[in-house]
Amino acid sequence: MLFRSDASAGIWVDPGNNKHNLAAGALVEVTGQTDPGDFSPQIADAKINKLGDAELPPPTVVGSDELASGRQDCQRVQVEAVVRSAIVGGGGLTLNVSSGAFEFSVFIQGSPHTPQDLVDARIRVRGVFAGRYTTSSSQFLGFQVLVPRWADVEIVEPPRTNPFALPVRPLHWVLRVTPEGTFTHRVHVQGVVLYQRAGQDLFIRDSREALQVRSSQPTAVQIGDQIDATGFPALGDFTPVIRDALFQKLSRKPAPEPLAVTPEDLQKGLYNANLVRFPARLLSHTASAGLEILELRASGVVFTAERARTGPLAFASVPDGSRLQVTGIAMIQSDDQRQPSGFKLLLQ
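Notes on the structure in this doc start here.

What counts and how
Residues numbered from 1 in each chain as written. Predicted model: local features only at pLDDT ≥ 70, side-chain atom pairs only at ≥ 80, totals over all residues. Heavy atoms only, no water. Helix = DSSP H or I, 4+ residues; strand = E, 2+ residues; numbered from the N terminus. Buried < 20%, exposed > 50% of the residue type's maximum accessible area, 1.4 Å probe, protein only. Contact = heavy atoms within 4.5 Å. Areas by Shrake-Rupley, 256 points an atom, 1.4 Å probe, with all protein chains shown as cover. Pairing = 2+ DSSP bridges. Axes fitted to C-alpha atoms, helices over the stretch in contact; angles between N-to-C directions. Salt bridge = Lys/Arg side-chain N within 4 Å of Asp/Glu carboxyl O. Lys, Arg positive; Asp, Glu negative; His and termini not counted. Phe/Tyr/Trp six-rings, centres within 6.5 Å; stacked < 30°, edge-to-face > 60°. Core = buried A, V, L, I, M, F, W, Y, C linked by side-chain atoms within 4.5 Å.

## Details of the overall build of the chain
Thought 1: A tally of helices and strands in the chain yields 2 helices and 22 strands.
Thought 2: Classification of the 348 residues of the chain by burial places 42% in the buried group.
Thought 3: Here the contacts in the chain between residues at least 6 apart in sequence split such that 55% fall between residues at least 24 apart.
Thought 4: Total accessible area on the chain stands at roughly 18,000 Å², and carbon and sulfur atoms take up 49% of it.

Spelled out as structure tokens, the structure:
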């Protein structure tokens, strides 16, 4: 990728098959053809001649609303954000960050930091806005900020050394403002494990509420384990979730009992992410993409229940029409207005 900037503005330069070996700050002469580009003008089939070195132009200080508009495409910008996760690869460090209500990525070329040094830090970065667009209609899809050197990154507020030392929040307070701050930064919760999809998520419950904890951490835990979890609160499909979480086992407790509910309760949006049980009749049974899927009916409500398929089908010998007692995690589905529109179960 090559972005070129002078005192007035920046532009994307496509060198085509012309090879170059340039670093940020190189002063260049560019000859090529103007092109409308996917979203903003660019220079195509460019020939580049290095003249020397120069200071990078000062960035435009922008907020998240201006970034999300796409107007800063190919421009050098400065933005503050909170780091949610970090991955090493591709010759640098990719940070997934949030600024205001928006999330985007920051790629830092040749970063000397390890990922956990930065998670939950508030940073200020200077780099080039690189938009992403649909190829068919040039619709703006999102963006990332490309940072050529670590000198263009400032740590405004370092992360907590031990996120598990944060005050513990009850699960029903995950998205509430407290004296400790808003939900921009990590929160700390505890609960008993109801269900886990290792490397994807786990579901926990305290004395009042249940919560989905999304985490790529591969550590296996057992149903009934009491865990500590720390991560970033966010709006889930229906109720709050915690994302980019870390967790650790605290102790072992008796396996949690499922809640006796009715399909009508779930249709109303109650008990999301909780372990529930009720009777239902099997309508059909299929398998696909590593899942065993049951279609069921209870009290006139038709829904599906999924079970991870790691071996032989568990329900292959169960005839359609059988009366079952189903136990699983309730996943409430919602419409565009975030009102409950149905549900499915994740079977244990």
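## Section: the sheet that holds strand β16 (residues 240–252)
Thought 1: Taking strand neighbours around the barrel as the criterion, the 5 strands line up as β12-β13-β14-β16-β15 in a closed arrangement whose pairing is mixed. Geometrically, the sheet is characterised by an average inter-axis angle of 50 degrees between neighbouring strands, direction not taken into account.
Thought 2: With 10 bridges joining them, strand β15 (residues 225–235) and β16 adopt antiparallel strand pairing. Residue Thr230 lies in a different strand from β16, and its bridge partner there is Leu246.

## A closer look at the pattern of salt bridges
Pairs can form between side chains of opposite charge whenever their charged atoms are close.
Thought 1: Counted by the stated rule, this structure contains 12 salt bridges.
Thought 2: For Arg243, the salt bridge identified is with Glu103, shortest N-O distance 2.8 Å. Placement of the pair is Arg243 in strand β16 and Glu103 in strand β8 (residues 102–109), with a sequence separation of 140 residues.
Thought 3: For Arg243, a relative accessible area of 25% gives the class partly exposed.
Thought 4: As a salt-bridge pair, Asp225 and Arg252 come within 3.1 Å of each other at their nearest N and O atoms. In this pair, Asp225 is assigned in strand β15 and Arg252 in strand β16, connecting sequence segments 27 residues apart.
Thought 5: Each of the salt bridges in this network shares a partner with another, and the network as a whole consists of Arg76, Glu80, Arg124, Arg126, Arg149, Asp152 and Glu154.

## Examining the pairing of strand β14 (residues 210–214)
Thought 1: With 4 of its 5 residues buried, β14 lies for the most part within the structure.
Thought 2: One ladder, built from 5 bridges, connects strand β13 (residues 201–205) with β14; its direction is antiparallel. By the bridge assignment, Asp201 is partnered in β14 with Arg214.
Thought 3: Where β14 and β16 come together, 2 bridges link them in parallel fashion.

## Structural notes on unusual backbone geometry
Thought 1: Backbone geometry places Ser299, a non-glycine residue, at a positive phi of 55 degrees.
Thought 2: With phi around 60 degrees, Arg338 is a residue other than glycine that occupies positive phi space.
Thought 3: Relative to the helices and strands, Arg338 resides in the loop between β21 (323–334) and β22 (340–347).

## Observations concerning the side chain of Asp265
Thought 1: Inspection of the secondary structure assignment puts Asp265 in helix α2 (residues 263–267).
Thought 2: Although Asp265 lies buried, it forms no salt bridge, and the closest oppositely charged side chain, Lys268, sits 5.0 Å away as judged by the N-O distance.
Thought 3: The residues contacting Asp265, other than those within four sequence positions of it, are Leu270 and Tyr271.

## As for the packing of aromatic side chains
Thought 1: The full count for this structure, using the stated rule, is 6 aromatic pairs.
Thought 2: Through pairs of rings, three or more aromatic residues link up here, namely Phe104, Phe129 and Phe143.

## Here we look at the side chain of Thr230
Thought 1: Tracing the sequence through the fold places Thr230 in strand β15.
Thought 2: Residue classification places Thr230 among the buried residues on the basis of a relative accessible area of 0%.
Thought 3: The contacts of Thr230, once residues within four sequence positions are left out, are Pro163, Phe164, Leu166, Arg186, Val187, His188, Asp244, Ala245 and Leu246.

## Remarks on the nonpolar core
Thought 1: If you look at the biggest cluster of nonpolar residues, it comprises 23 residues, and the most contacted ones within it are Leu67, Leu95, Val97, Phe104, Val106, Val125 and Val147.
Thought 2: Of all the elements in the fold, those that place two or more residues in this core are β6 (76–89), β7 (92–99), β8, β9 (122–133) and β10 (140–147).
Thought 3: Apart from the residues within four sequence positions on either side, Phe104 is in contact with Leu67, Val79, Ala81, Leu95, Asn96, Val97, Ser99, Phe143 and Val145.

## Focus: the pairing of β10
Thought 1: When β8 meets β10, the two strands line up parallel, connected through 4 bridges. Bridge pairing in β10 places Ser105 opposite Gln144.
Thought 2: As paired strands, β9 and β10 are joined by 6 bridges and run antiparallel to one another. By the bridge assignment for β10, Ala130 is matched with Gln144.

## Structural notes on the environment of Glu295
Thought 1: Mapped onto the elements, Glu295 comes out in strand β19 (residues 291–298).
Thought 2: Residue classification places Glu295 among the partly exposed residues on the basis of a relative accessible area of 32%.
Thought 3: The spatial distance from the C-alpha of Glu295 to the C-alpha of Ala305 is 6.6 Å, given a sequence separation of 10 residues.
Thought 4: Setting aside residues up to four positions removed in sequence, Glu295 forms contacts with Arg281, Leu282, Leu283, Ser284, Val302 and Phe303.

Honestly, it's all geometry; don't read function into it.
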